[in-house]
Amino acid sequence: MDLELARMPALERYKLLIGLVIPRPIGWVSTFSENGVANCAPFSFFNVISEDPPLSILSFNRRSDGAMKHTLKNIHRTGEYVVNLVDESTANAMHLSSEEMPESESEFARAGLTPVPALKVKHPRIGEAAAAFECRVERIIEFGPERELVIGEMLHLHAREGIVDPETKRVSEKTYHPIGRLYASRYCTTRQRFNLPGKLP
Ligand SMILES: Cc1cc2nc3c(=O)[nH]c(=O)nc-3n(C[C@H](O)[C@H](O)[C@H](O)COP(=O)(O)O)c2cc1C
C-alpha cells in the first residue's frame, strides 16, 4: 500500500502515525496553574533529542473545545515544567491523569498522586514517578494553529532509589520497568528484551 500523507485527512494521518510509530515513551508533565493547582498529564509525542545540551521535546495539540492545554499554558507562563517518567506501578495513575479536567481541579488529587517540590523549577514533580526531569524551555515552535512543539533543556534529574547505579550511572533493568504508549488506551511493558551482537557504549 502507498499513501500520500499530504492528501489525507488529518485524523487518518494521526491514526497511521500513532499506530505505526510505536511504542512511544510517555512524558508525564507536571506543572502548577496560575492559581497554584497541581496539574499533570501524559504526552507521548515526547522524546529526548540530545545529551549535550540535554534536550527533550513535547508536542501539544488543543483541548476538545479548541483551548490551549493547561500544561502548555503553564509552560508558556513560567518557561518551566517537570517531565516525569511512567513505569508499571504508575500506569493507572498516568492514564487517569489524561482526563480533561477543569483548571481548578487537580489531576494529582484525582489520581492519588503526591506533588513534591522540585529543586530548580517552581513546578512540582510527581512523588510516585520512577524518575523526573526538571526542565526549562529552550524554545517553542508553532506548527499551525493546532500544534506546538516545546523543546526543553533538562536541568535536574530525580530518580527513585535503586534505579540508577550511583557509580556507573547505568539504569537497572531489574528495578526500572517503563511502559510505552501504543495507541488509544493500549500500552506495552518493556519486559521482553533481547540482545543483538555488538558492544554496549
Ligand atoms: C498516553 C497518552 C499520551 C498522550 N499524548 C499526548 C500528546 O503527545 N500531545 C497532546 O497534546 N496530548 C496528548 N495526550 C492527551 C493529554 O494527556 C490530555 O489532553 C490532557 O487532558 C491534557 O491535560 P492538560 O489540559 O491539563 O494539559 C495523551 C494522552 C495519553 C493518555
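Report follows, based on the coordinates. No experiment lies behind these values; they were computed from the predicted model shown.

Some thoughts on the site of the ligand
Alright, step 1. Looking at the ligand, there are 19 residues lining it, with Asn-39, Pro-42, Ser-44, Arg-63 and Thr-71 nearest.
Alright, step 2. One of the side-chain N or O atoms of Asn-39 is found 2.8 Å from an oxygen atom in the ligand.
Alright, step 3. Its free accessible area being 650 Å², the ligand has 91% of it covered by the protein chains.
Alright, step 4. Put simply, the parts of the chain that give the shell around the ligand at least two residues each are strand 2 (38-43), strand 4 (54-60) and helix 2 (70-78).
Alright, step 5. Per-class residue counts for the shell around the ligand are six nonpolar, seven polar and six charged.

So, the layout of surface pockets
Alright, step 1. Looking at the largest pocket, its volume works out to about 590 Å³.
Alright, step 2. Lining the largest pocket are 30 residues; nearest its centre among them are Pro-42, Phe-43, Asn-61, Lys-69 and Ser-98.
Alright, step 3. Breaking the lining of the largest pocket down by element, the ones donating at least two residues are strand 2, strand 4 and helix 2.
Alright, step 4. Per-element accounting of the lining of the largest pocket gives the leading share, five residues, to strand 2.
Alright, step 5. A breakdown of the residues in the lining of the largest pocket according to their chemical character gives 10 nonpolar, 11 polar and nine charged.
Alright, step 6. Size it by volume and the second largest pocket reaches roughly 320 Å³.
Alright, step 7. Lining the second largest pocket are 16 residues, with Phe-133, Leu-157, Val-164, Val-171 and Tyr-176 positioned closest to its centre.
Alright, step 8. Only strand 8 (131-143) and strand 9 (147-159) provide two or more residues apiece to the lining of the second largest pocket.
Alright, step 9. Of the residues contributing to the lining of the second largest pocket, the split by class is 12 nonpolar, one polar and three charged.

A word on the packing of aromatic side chains
Aromatic rings in a pair are described by how distant their centres are and how their planes are angled relative to each other.
Alright, step 1. Inspection of the entire model under this criterion finds two aromatic pairs.
Alright, step 2. Taking 4.7 Å as the distance between ring centres and 55° as the angle between the ring planes, the aromatic pair formed by Phe-43 and Phe-60 counts as tilted. With a gap of 17 residues between them, Phe-43 in strand 2 and Phe-60 in strand 4 connect regions that are remote in the sequence.
Alright, step 3. Taking the relative accessible area as the measure of exposure, Phe-43 reaches 8% and is therefore buried.

Observations regarding the environment of Thr-189
Alright, step 1. Position of Thr-189 among the secondary structure elements: in the segment after strand 11 (187-188).
Alright, step 2. If near-sequence neighbours (up to four positions away) are discounted, Thr-189 is found in contact with Glu-88 and Pro-178.

Looking at the nonpolar core
Alright, step 1. Membership of the largest hydrophobic core comes to 18 residues, with the highest contact counts inside it found for Val-29, Phe-43, Leu-58, Phe-60, Tyr-81, Val-83 and Val-150.
Alright, step 2. No other element matches the three residues that strand 5 (residues 80-85) contributes to this core.
Alright, step 3. Discounting chain neighbours no more than four positions away, the residues touching Val-150 are Ser-56, Ile-57, Leu-58, Phe-60, Leu-72, Ile-75, Tyr-81, Val-137, Arg-139 and Ile-140.
Alright, step 4. Residues Ile-26, Trp-28, Cys-40 and Ala-129 belong to the second largest nonpolar core, which totals 14 residues.

Rules of the game
Residues numbered from 1 in each chain as written. Predicted model: local features only at pLDDT ≥ 70, side-chain atom pairs only at ≥ 80, totals over all residues. Heavy atoms only, no water. Near = heavy atom within 4 Å. Polar contact = N/O pair within 3.5 Å; in protein donor to acceptor, adjacent residues only side chain to side chain. Areas by Shrake-Rupley, 256 points an atom, 1.4 Å probe, with all protein chains shown as cover. Helix = DSSP H or I, 4+ residues; strand = E, 2+ residues; numbered from the N terminus. Nonpolar A, V, L, I, M, F, W, Y, C, P; charged D, E, K, R; others polar. 1 Å grid on protein atoms, 1.4 Å probe; cavity = no way out; pocket = protein on both sides within 12 Å on 5 of 7 lines; lining within 4 Å. Points joined across faces, edges and corners; volume = space filled by probe spheres on them. Phe/Tyr/Trp six-rings, centres within 6.5 Å; stacked < 30°, edge-to-face > 60°. Buried < 20%, exposed > 50% of the residue type's maximum accessible area, 1.4 Å probe, protein only. Contact = heavy atoms within 4.5 Å. Core = buried A, V, L, I, M, F, W, Y, C linked by side-chain atoms within 4.5 Å.

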